[in-house]
Structure formats: structure tokens, C-alpha cells
Amino acid sequence: MQVLLPAGWRVPRFINGVVASGKTVHIAGMIGWDADAVFHSDDFAAQTRQALENIVAVLREAGGRRSTSFA
């Protein structure tokens, strides 16, 4: 990974840009219904949990796998 820092810019608290190799996956519009587009609850927490499970499913489909570290 290469951090992108244009000349003259202060070193930021957070990285503004990087160059990386590999696959990029973009996920948008994920909501709290199941694979059949059915809501099983009107509860915010339950729909959030389902939306996160949907994101995991999409990432697995792209070849993602669970990691035990952030390094």
C-alpha cells in the first residue's frame, strides 16, 4: 500500500488516499431485508443486523473471508 500525500500538504490525522493492489468491492443501498426481499421485523436493531449480514454475504461472494486481525 502506498499512502498518497501531495507535496505541501500537512500530514493528516487520517489517510486521505492510498494506492493498493487487489480487488475493490463497492456496496450501496444495503437494507434490512433477507435474500427474498422480505422484512422479518420492523425493529431498527433487527434490520441493521440483517443489513450487516447482507453485506457479509456480498463480500463472501466477492471472495472475502473473515480475518482475525486488522494488520
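An account of the accompanying structure is given in this report. If you're wondering where the values come from, they're calculated on a predicted model, not measured in any experiment.

1. Brief notes about the side chain of Asp-34
Step number 1: By secondary structure assignment, the location of Asp-34 is in the loop between strand 2 (18-19) and helix 1 (44-61).
Step number 2: Of the side chains with opposite charge, Arg-49 comes closest to the buried, unpaired Asp-34, at an N-O distance of 14 Å.
Step number 3: In this structure the side chain of Asp-34 is engaged in a polar contact, spanning 3.0 Å, whose partner is the backbone nitrogen of Val-38.

2. Looking at a nonpolar patch on the surface
Step number 1: Nonpolar side chains collect at one region of the surface, where Val-3, Leu-5, Trp-9, Val-11, Ile-15 and Val-18 lie side by side and expose about 590 Å² of accessible area between them.
Step number 2: As for its placement among the helices and strands, Trp-9 is situated in the loop between strand 1 (2-3) and strand 2.

3. Description of the packing of aromatic side chains
Step number 1: Considering all chains together, one arrives at one aromatic pair under this definition.
Step number 2: Pairing Trp-33 with Phe-39 gives two aromatic rings, centres 5.5 Å apart and planes at 50°, and the pair type is tilted.
Step number 3: A relative accessible area of 42% places Phe-39 in the partly exposed class.

4. Focus: unusual backbone geometry
Step number 1: Unlike most non-glycine residues, Ala-37 shows phi in positive territory, near 60°.
Step number 2: Within the fold, Ala-37 resides in the loop between strand 2 and helix 1.
Step number 3: Looking at Ala-37, the relative accessible area reads 42%, which means it is partly exposed.

5. Thoughts on the side chain of Asn-54
Step number 1: Tracing the chain through its elements places Asn-54 in helix 1.
Step number 2: Under the relative-accessibility criterion, Asn-54 is labelled buried at 12%.
Step number 3: Residue contacts for Asn-54: discarding those within four places in its chain leaves Met-30, Ile-31 and Trp-33.

The rules behind these values
- Residues numbered from 1 in each chain as written.
- Predicted model: local features only at pLDDT ≥ 70, side-chain atom pairs only at ≥ 80, totals over all residues.
- Heavy atoms only, no water.
- Helix = DSSP H or I, 4+ residues; strand = E, 2+ residues; numbered from the N terminus.
- Buried < 20%, exposed > 50% of the residue type's maximum accessible area, 1.4 Å probe, protein only.
- Lys, Arg positive; Asp, Glu negative; His and termini not counted.
- Salt bridge = Lys/Arg side-chain N within 4 Å of Asp/Glu carboxyl O.
- Polar contact = N/O pair within 3.5 Å; in protein donor to acceptor, adjacent residues only side chain to side chain.
- Patch = residues over 30% accessible without salt bridge, like charges linked within 9 Å, V, L, I, M, F, W, Y side chains within 5 Å.
- Areas by Shrake-Rupley, 256 points an atom, 1.4 Å probe, with all protein chains shown as cover.
- Phe/Tyr/Trp six-rings, centres within 6.5 Å; stacked < 30°, edge-to-face > 60°.
- Contact = heavy atoms within 4.5 Å.

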